[in-house]
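Residue strings, one per chain:
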Amino acid sequence: MVLNYVWAGFFLVALFVALIKYFFFQDEQIFELLVSGVFDSAKTGFEISLALTGVMTLFLGILKIGEEAGAIRFLGRIIGPFFRKLFPEVPANHPAHGQMIMNFSANMLNLDNAATPFGLKAMESLQELNPSKDTASNAQIMFLVLQTSGLTLIPINIMTYRASMGAADPSDVFMPLLISTYFATVISLMAVMLKQKIKIWDKTILGWIGGISAAIALLIWYLSTLSQSEIESFSKVYSNLILLVVIVGFIAGGLWKKIDVFDTFITGAKEGFQVAVKIIPYLVGMLVAISMLRNSGMLGYITDGLAWGFDSLGFDTKFVEALPVAIMRPLSGSGARGLMLEAMAPENGGPDSFVGKLVCIFQGTTDTTFYVIALYFGSVGVSKVRYAIQYGLLADFVGIVAAILMGYMFFA
């Protein structure tokens, strides 16, 4: 129901703002801008779905081999005690555990193309356990909120953008970005646990969160000893090496188990096209609504209002110039990326300005919440998302606040 109101609200607010612009400010281009944006976004939604087809075909085929070879069950057993606490509705050794692990691992390594197929497969497995097929289960909401928290250990894409814009040290945002996304993940995780009445102080949960925290701290320390070029090299080599090891490992495991790996791959790969086609209407619907809101200028008015409010309270408002990226990010990944690159343009201060660095932290800390909801829930036909949007946006909000604090701590 919440998604229903949010989606309709985007259209109504956009039209209301457009009418004001036309009748009071004689903006004769506003309706053309909105309509052209609608058609462009519909085309983009379709193209995104088609672009996902090849990648999903590949990884769902590989994932099928892993399932048949027992690799997914093996991963599930390793992290099973922790996931059984977070996902009490999911039985022990269920394939969903291993699929979610693969998804989170790919996300943390910034391997978006690999993460999406694993995530879609995990959502499908969770849907099989869902007693009410049109309503999101607790496990599905927990999984989605962890998605939107956007935990990334090695933000190679952000560093690449900064390098292309001429930053003196493209990796200087790495540490504040990692700290921000970590806080977003942990706090949103605890919030959902409280909502679902999961015991936060359980020794298994505390042990895993503490161990992961220690591992992240160790990684931060190690990378802080490397130069910018060494960090980029480390990121590229080990992110892709891990992915290749997973692919080859699954195939080798299939051979070891005497599975017909090629036929198994084909069986899993066939699902890729079916999933891609199924999500087209959900993506088109969400992207068109976001386009309406963006092109109406409403986001700009929100930013101006926030600047006035913070200034009235006596806060430093340097960060407000970067807020359009933070506001756009939950709505549109490509829109936020465009705003990020615009903020890093030389005429706007360049990539080494405070705003130029802060927009990169925003881009890497938060995630495209509404896109993720449309993609993952749409792929399994869930229309009643319950509290998923609120808690997904909570993860984004925590990430934005943490990013601002880290920006001032490191760069102000």
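Residues numbered from 1 in each chain as written. Predicted model: local features only at pLDDT ≥ 70, side-chain atom pairs only at ≥ 80, totals over all residues. Heavy atoms only, no water.

## Some details on the packing of aromatic side chains
Overall, the coordinates contain 11 aromatic pairs when judged by the stated rule. The interplanar angle of 70 degrees and the centroid separation of 4.9 Å between the aromatic rings of W7 and F11 together place this pair among those described as edge-to-face. Within this pair, W7 and its partner F11 are both found in helix α1 (residues 2–25), separated by 4 residues, close to a single helical turn. According to the relative accessible area criterion, W7 is partly exposed, its value standing at 35%. Arranged with centres 5.5 Å apart and planes meeting at 15 degrees, the rings of F82 and W208 form a pair that is stacked. Taken together, the positions of F82 in helix α3 (residues 71–86) and W208 in helix α9 (residues 203–224) put the pair 126 residues apart, joining distant regions of the chain. Residue classification places F82 among the buried positions, given a relative accessible area of 6%. An aromatic cluster of three or more residues is present, and its members are Y22, F23 and F31. In this structure, K195 is placed above the aromatic ring of Y387, and the distance from its NZ or CZ to the ring centre is 5.1 Å. (Phe/Tyr/Trp six-rings, centres within 6.5 Å; stacked < 30°, edge-to-face > 60°. Helix = DSSP H or I, 4+ residues; strand = E, 2+ residues; numbered from the N terminus. Buried < 20%, exposed > 50% of the residue type's maximum accessible area, 1.4 Å probe, protein only. Lys NZ or Arg CZ within 6 Å of the ring centre and 35° of its normal.)

## With respect to the pattern of salt bridges
Tallying each qualifying case throughout the model produces 5 salt bridges. A salt bridge links D134 to K384; its shortest N-O distance comes to 3.6 Å. Placement of the pair is D134 in the loop between α5 (112–129) and α6 (138–148) and K384 in the loop between α16 (369–380) and α17 (388–411), with a sequence separation of 250 residues. Of the residues examined, D134 reaches a relative accessible area of 31% and is grouped as partly exposed. (Salt bridge = Lys/Arg side-chain N within 4 Å of Asp/Glu carboxyl O.)

## Re α16
With 12 residues, α16 ought to run about 16 Å at 1.5 Å a step, and its terminal C-alpha atoms sit 17 Å apart, in line with that. When you tally the buried positions in α16, you get 12 out of 12 residues, the bulk of the element. Of all the residues in α16, the buried ones are T369, F370, Y371, V372, I373, A374, L375, Y376, F377, G378, S379 and V380. The positive-phi residue at the C-terminal boundary of α16 is G381, with phi of around 80 degrees. (Expected span 1.5 Å × (residues − 1).)

## Some points on the side chain of S188
Position of S188 among the secondary structure elements: in helix α8 (residues 174–195). A polar side-chain atom of S188 sits 2.6 Å from the main-chain carbonyl oxygen of A184. In this structure the side chain of S188 is engaged in a polar contact, spanning 3.1 Å, whose partner is the backbone oxygen of T185. Those residues within four positions of S188 in sequence are excluded, and the remaining contacts are V145, S149 and A395. (Polar contact = N/O pair within 3.5 Å; in protein donor to acceptor, adjacent residues only side chain to side chain. Contact = heavy atoms within 4.5 Å.)

## With respect to the environment of F11
Taking relative accessible area as the criterion, F11 reaches 23% and is therefore assigned partly exposed. When the C-alpha atoms of F11 and M292 are compared, they prove to be 6.3 Å apart, with 281 residues separating the residues in sequence. Among all residues touching F11, those that are not within four sequence positions of it are V288, A289 and M292.

## What to know about the packing of α16 against α17
Interhelical geometry of α16 versus α17 gives an angle of 140 degrees and a closest axis separation of 10 Å. Taken together, the axes of α16 and α17 are oblique relative to one another. Along this stretch, α16 crosses α17, giving a crossing that reads as right-handed. Counting all contacts with α16, which are made through T369, F370, I373 and F377, the residues of α17 involved are A388, I389, G392, L393 and D396. Residue composition of the contact of α16 with α17, grouped by class: 6 nonpolar, 2 polar and 1 charged. (Axes fitted to C-alpha atoms, helices over the stretch in contact; angles between N-to-C directions. Parallel < 35°, antiparallel > 145°, perpendicular 65-115°, else oblique. Left-handed = near helix turned anticlockwise from the far one by under 90°. Nonpolar A, V, L, I, M, F, W, Y, C, P; charged D, E, K, R; others polar.)

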